[in-house]
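Working through the structure, step by step
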Amino acid sequence: MSSAVEQVVVDHLEKRVSHVHDQATDEKHDLSVDVSSVEDTDVSNGDEALRLVGKQRSSEFSEEYYRKLKRRLDWVIPPLCSAVYFTQFLDKNTLNYASIMGLPITGQNYNLVAMAFYLGYLTWEFPTVYISQKLRVAKYLGTNIVLWGIVLMLHASTTSFGAFFFLRFLLGMLESCVAPILILIISMFYKKEEQGLRIAWFYVMNGLTAIFGGFVAYGISYYSGTAFLPYRILYLLIGGLAIIVGICVLIWMPDSPVQAQMLSKEERIAALERVRDDQVGTESKTLKKDQIVETLMDSRTWIIVLLTMVLASIPNGALSVFGNIIVKSFGYTTKQTLILNAPGGFIGAAMTLFVGWYSDRKKERMLPIIIALIPTIVGAALLVGMANSGNKGVLLFATYLMGTIGPSLSLIYTYNASNTSGHTKKSTINALTLFTFSLGNVIGTEIMQTKDAPQYIPGKIAVMVMYAVGFFLPFLLRWMNVRLNKQKQAKLQEMKVQNGWTDADLQRERERHAFMDLTDKQNPFFEYMV
């Protein structure tokens, strides 16, 4: 009898111990849900990088090795990105040059043709980004460049409004993949604190195209033949250049560190290990709906959308299409107007490189936007306030000051690259940014109305107001990211104490999270750049 009682007591105690153990296990699981989810994650659902490297770092490389590898990448990736962006901006702005070189489309039809490019951009932005995620991104990019070169050359074959509208629409569709893919490639190969300057290196082409395109158009403007109008020569030359650049991208641009044929297997592994601690990842071929939902539910996404709209897109739509017309209205000739674009291009290029360097050096993403914006607001105020002064030198200087805001979009690109992880989330935020850029440019082409010529005062006032609104948004976004970083640090400390981790254990967990294709919110080790 006593043995039976003892057995009952023993069974009861075992159940109590088991219950306490299960409670402790559940609590631990609740506090380290991110860790356990990584533990159980199917590798096939993670980053493509896991094909070469494991969840934990297994190869070590010296800093000297990493420096040599970075130099090798710098000789290939940024120059090709720069060539692509140079070609894209030159192609897009060809209509601006053609407008004063005999283009037979004028008035409201000119506005509509200018808008057609951005309508094509809007239509195809999300499809092209998600298609590129499924394919080899560099090959997809190169194919689109060759095709848009052909489309650009076809502009020389017609004088019809309908044909021009259709070709500009196609051009917008084909060019809509450029910025998202270039941002993705930079984020794959470079650490966060290296991305700002690399993106600036290709974005600076925006300013340089104003110089190059202006001088090319200036030279062609001396052509006095009547059989072949100057604007047609411009389209043929720039379209041919795009085809050459597209072929170079197809041959030399690497798709990702995993597929970079220019690197040995050891160098590909080193390229991945070099960026592991950034927690940004490289690429995943799996389109994840939860990452799309997270992007849309993140309030910072919509601040980026608004920032893009008021600083980079609506003003750009107005000024890129009507810039030459406005400068000519100051009292300059056609040839003078083409040449006078050059200083503005130099100012924009210099500011782009400066803020790119500053954003990496100080690890800041928002304050450089403020630095670039202040002279722009001054320039916009001068254009409005001195519109009737007749002082064309001051008015021209005002347009140069407004060129300092050019780098705002490159800094938004850099922000997206540095502060977003999860391939589908990166694709979605980049697509939203460029969709917004396109939509804003469509709106921008309608700001400068023909009835307001030659001074376009209402349009200039609208631009100035948008710049003023945009001044406060970077401060808000910066504050939000500082707050999120503090919350993440508190969470990590809580996990460390609860699990009894050492610093080495914490680093191990950080490495395991790096290539699991988690979003920046899902990954507790992700740190935002402010």
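Residues numbered from 1 in each chain as written. Predicted model: local features only at pLDDT ≥ 70, side-chain atom pairs only at ≥ 80, totals over all residues. Heavy atoms only, no water.

1. Re the domain arrangement of the protein chain
- Under the domain assignment used here, the protein chain contains domain 1 (59-275) and domain 2 (284-529).
- Here the C-alpha centre of domain 2 lies 19 Å away from the C-alpha centre of domain 1.
- Between domain 1 and domain 2, the contact holds 52 residues from the first and 60 residues from the second.
- Regarding the contact of domain 1 and domain 2, the summed buried area is about 5200 Å², with carbon and sulfur atoms giving 68% of it.
- Ranking the residues of domain 1 by area buried against domain 2 places Ile100, Gln133 and Lys192 at the top, with a combined share of 14%. (Domains from an automatic or database assignment. Contact = heavy atoms within 4.5 Å. Buried area = accessible area lost by both parts, 1.4 Å probe.)

2. Section: helix H16 (residues 341-361)
- The end-to-end C-alpha distance of H16 is 31 Å, a good match for the 30 Å that 21 residues give at a rise of 1.5 Å each.
- Of the positions making up H16, those classed as buried are Ala342, Gly345, Gly348, Ala349, Met351, Thr352, Val355, Gly356, Tyr358, Ser359 and Asp360.
- Next to the buried residues of H16 lie helix H9 (192-203), helix H10 (205-220), helix H15 (334-339), helix H17 (367-385) and helix H19 (408-419).
- Phi turns positive, to about 55 degrees, at lysine 363, one or two residues after H16. (Helix = DSSP H or I, 4+ residues; strand = E, 2+ residues; numbered from the N terminus. Expected span 1.5 Å × (residues − 1). Buried < 20%, exposed > 50% of the residue type's maximum accessible area, 1.4 Å probe, protein only.)

3. Looking at the packing of aromatic side chains
- For the structure shown, the criterion picks out 22 aromatic pairs.
- Between phenylalanine 61 and tyrosine 66, the aromatic rings sit 5.9 Å apart at their centres with planes inclined by 50 degrees, giving tilted as the arrangement. Each of the two residues, phenylalanine 61 as well as tyrosine 66, counts as buried.
- Taken together, the ring pairs in this structure connect Tyr85, Phe89, Phe202, Tyr203 and Tyr413 into an aromatic cluster.
- Its end group placed over the ring of phenylalanine 526, lysine 192 keeps NZ or CZ at 3.8 Å from the ring centre. (Phe/Tyr/Trp six-rings, centres within 6.5 Å; stacked < 30°, edge-to-face > 60°. Lys NZ or Arg CZ within 6 Å of the ring centre and 35° of its normal.)

4. A look at the nonpolar core
- Among the nonpolar cores identified, the biggest contains 131 residues, and Tyr85, Leu141, Phe202 and Tyr413 are the most heavily contacted of them.
- Both domains that furnish three or more residues to this core are identified here as domain 1 (59-275) and domain 2 (284-529).
- Beyond its immediate chain neighbours, meaning those up to four positions away, phenylalanine 202 contacts Cys81, Ser82, Tyr85, Leu182, Ile186 and Tyr413.
- Counting residues in hydrophobic clusters, the runner-up holds 5 residues, among them Leu492, Trp501, Leu506 and Phe525. (Core = buried A, V, L, I, M, F, W, Y, C linked by side-chain atoms within 4.5 Å.)

5. Comments concerning the environment of glutamate 266
- Inspection of the secondary structure puts glutamate 266 in helix H12 (residues 265-275).
- When its relative accessible area of 47% is taken as the criterion, glutamate 266 is described as partly exposed.
- In contact with glutamate 266, not counting residues within four places along its chain, are Phe61 and Tyr65.
- Of the polar contacts made by the side chain of glutamate 266, one reaches the side chain of tyrosine 65; its length is 2.9 Å. (Polar contact = N/O pair within 3.5 Å; in protein donor to acceptor, adjacent residues only side chain to side chain.)

6. What to know about the environment of methionine 448
- Among the structural elements, methionine 448 can be located in the loop between helix H20 (423-445) and helix H21 (457-470).
- Judged by relative accessible area, methionine 448 falls into the buried class, the value being 0%.
- Remark: the alpha-carbon pair of methionine 448 and isoleucine 461, spanning 13 residues in sequence, is separated by 11 Å.
- Here methionine 448 is in contact with Asn111, Ala318, Leu319, Phe322, Ile326, Tyr456, Gly459 and Lys460, once residues within four sequence places are set aside.

7. Some words on the confidence of the model for the protein chain
- In this model, the protein chain carries a mean pLDDT of 87, and residues with pLDDT of at least 70 account for 91%.
- Contacts for the low-pLDDT stretch residues 1-34, under 50 throughout, to residues beyond four places or in other chains number 12 contacts. (pLDDT = per-residue confidence, 0-100.)

8. Some points on the packing of helix H4 (residues 77-98) against helix H7 (residues 161-175)
- One can describe the packing of H4 onto H7 by two numbers: an axis separation of 11 Å at closest approach and a directional angle of 160 degrees. Judged by the inter-axis angle, H4 sits roughly antiparallel to H7. Handedness of the crossing formed by H4 with H7: left-handed. Contact with H4, carried on its side by Gln88, Asp91, Lys92 and Leu95, involves Arg168, Leu171 and Glu175 of H7 and no other residues of that element.
- Tallied by class, residues from the contact of H4 with H7 come to 2 nonpolar, 1 polar and 4 charged. (Axes fitted to C-alpha atoms, helices over the stretch in contact; angles between N-to-C directions. Parallel < 35°, antiparallel > 145°, perpendicular 65-115°, else oblique. Left-handed = near helix turned anticlockwise from the far one by under 90°. Nonpolar A, V, L, I, M, F, W, Y, C, P; charged D, E, K, R; others polar.)

9. Some remarks on the pattern of salt bridges
- Taken as a whole and judged by the stated rule, the model has 27 salt bridges.
- One salt bridge in this structure joins glutamate 194 and lysine 70, with 3.7 Å as the shortest N-O distance. Placement of the pair is glutamate 194 in helix H9 and lysine 70 in helix H3 (residues 63-74), with a sequence separation of 124 residues.
- Taking the relative accessible area as the measure of exposure, glutamate 194 reaches 8% and is therefore buried.
- Ionic pairing is found between arginine 198 and aspartate 74, a salt bridge with its closest N-O pair at 2.8 Å. Within this pair, whereas arginine 198 is found in helix H9, its partner aspartate 74 is found in helix H3, the two being separated by 124 residues in sequence.
- You can call arginine 198 buried: its relative accessible area is 8%.
- In this structure aspartate 74 comes out as buried when scored by relative accessible area, which is 17%. (Salt bridge = Lys/Arg side-chain N within 4 Å of Asp/Glu carboxyl O.)

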